[in-house]
Amino acid sequence: MSLEKPTKIWWNGRVTSWHEATVHVTAETAVRGVNAFEGVMAYKIEGHRKHAVIALDKHLERLSRSAELLHLPMPYSLEEIRRGVLDLVCAEPSDLDLYIRPTVYLESGAYTDDPSRMRMGAYITSYTRERAPQRSVRLVSTPWTRVDDPAFPAQAKSGAVYSAFRLARIAATKADGDEPLLLNARGTVAETAGSAVMAVFSDHVVSPPPSDGALESITRDVLTRLLEDEFGLKVVQRSLHVQELYEADEIFLCGTLDEVVKVASFDGVVPKRANGGLAHRLFARYRALCTALDPSSSPLQTCVAW
Ligand code: PMP
């Protein structure tokens, strides 16, 4: 993904230049990371001046839920933010896929939930992303656990949580891994620092439930439907023990940005099907849904022409 600065940003109700969209260093979002955000993919439709934004309404609903869990009033309606996402795609046409981040943030009003004493803002950024083949990662344990209830609402997708995930990512790199596995305080699997975990056992797939500290993954919902309806596999949400990962036929990760990522090894142990037979087929099917030319064949897509 290109971290190069885009020239445009949607900020507090309109598309403006990147340089204009600023907050003060004393803003709550800067000082304490008080914000809620989403990560949404928009795939370029081949041969057309169009992008398909994936599961946009589900992401906006989750944004609203994150804000509610953090006692943050939404500064704009979901319809206004939805419009902002589509306007931003049109404002800076690109031949590449886009990773779009709608964010609502607290500017002032630290320790209150009284909307009349809080100043909120919102922005949407968009980053281009080269379309790449399926990734394969070395998953590793780290000493860090998943920030979870009752310390912080696990279902709130907030910058503050990713400050904790950053440490797990650094620890994973030092342990010669690519991705940290995060357990919850009870010692069962929660998720990684940016994706849901799915483990394959002969005729079914297991993934930890939200009550185990896994963010309710929108991608996992889509994959669950594919696995059950097209691959004939049952998907079970239940607690997953670390030991089970050593015995799984296959492990894969999923998320908006990661799509479907194969796990090549977990703590150095190579799963029976490390080459990801199922993960590979599932990735191809998911990509096809996201990049479909005919939006009626893919209800996931909100098409935006530019
Ligand atoms: N867990 C975490 C911590 C994440 O950041 C993400 C990415 N949003 C996911 C899981 C996967 O969620 P989704 O499929 O909705 O992108």
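Residues numbered from 1 in each chain as written. Predicted model: local features only at pLDDT ≥ 70, side-chain atom pairs only at ≥ 80, totals over all residues. Heavy atoms only, no water.

Per an unreviewed UniProt entry, the protein carries the name Aminotransferase class IV and comes from Rhodococcus pyridinivorans. As recorded by UniProt, the Sequence similarities (unreviewed entry) comment attached to the protein reads in full: "Belongs to the class-IV pyridoxal-phosphate-dependent aminotransferase family." (UniProt positions renumbered as here; feature names shortened; annotations may be inferred.)

J.: Whenever I open this one, the sheet that holds strand β15 (residues 259-266) confuses me. Can you help?
T.: Two pairing modes exist for strands in a sheet, parallel and antiparallel, and in both the strands are linked by backbone hydrogen bonds. In spatial order, the strands read β10-β9-β8-β15-β14-β11-β12-β13; together these 8 strands make up an open sheet with mixed pairing. Strands at the two margins of the open sheet, each flanked by one partner only, are β10 (189-192) and β13 (234-237). Taken pair by pair, the neighbouring strands of this sheet meet at an average axis angle of 40 degrees, ignoring direction. In terms of strand pairing, strand β9 (residues 179-183) meets β10 through 3 bridges, oriented antiparallel. Following the sheet pairing, L183 is matched in β10 by V189. Set on the sheet, helix α4 (residues 159-174) makes contact with β8 (136-145), β9 and β10; between it and β8 the angle comes to about 120 degrees. Here helix α5 (residues 218-229) sits on the sheet and contacts β11 (196-201), β12 (204-207), β13, β14 (250-255) and β15; the angle it forms with β14, its principal contact strand, is near 130 degrees. (Pairing = 2+ DSSP bridges. Helix = DSSP H or I, 4+ residues; strand = E, 2+ residues; numbered from the N terminus. Axes fitted to C-alpha atoms, helices over the stretch in contact; angles between N-to-C directions. Contact = heavy atoms within 4.5 Å.)

J.: Even after reading the chapter, I still don't get the site of the ligand, so can you show me in this structure?
T.: Near the ligand lie 17 residues; those nearest to it are Y162, E191, S217, T219 and T256. In this structure, an oxygen atom belonging to the ligand sits 2.4 Å away from a side-chain N or O atom of Y162. Residue S217 places a side-chain N or O atom 2.6 Å away from an oxygen atom belonging to the ligand. In isolation the ligand exposes 380 Å². Once the protein is present, 96% of that is buried. When contributions to the shell around the ligand are tallied by element, the ones reaching two or more residues are α4, β10, α5 and β14. (Near = heavy atom within 4 Å. Polar contact = N/O pair within 3.5 Å; in protein donor to acceptor, adjacent residues only side chain to side chain. Areas by Shrake-Rupley, 256 points an atom, 1.4 Å probe, with all protein chains shown as cover.)

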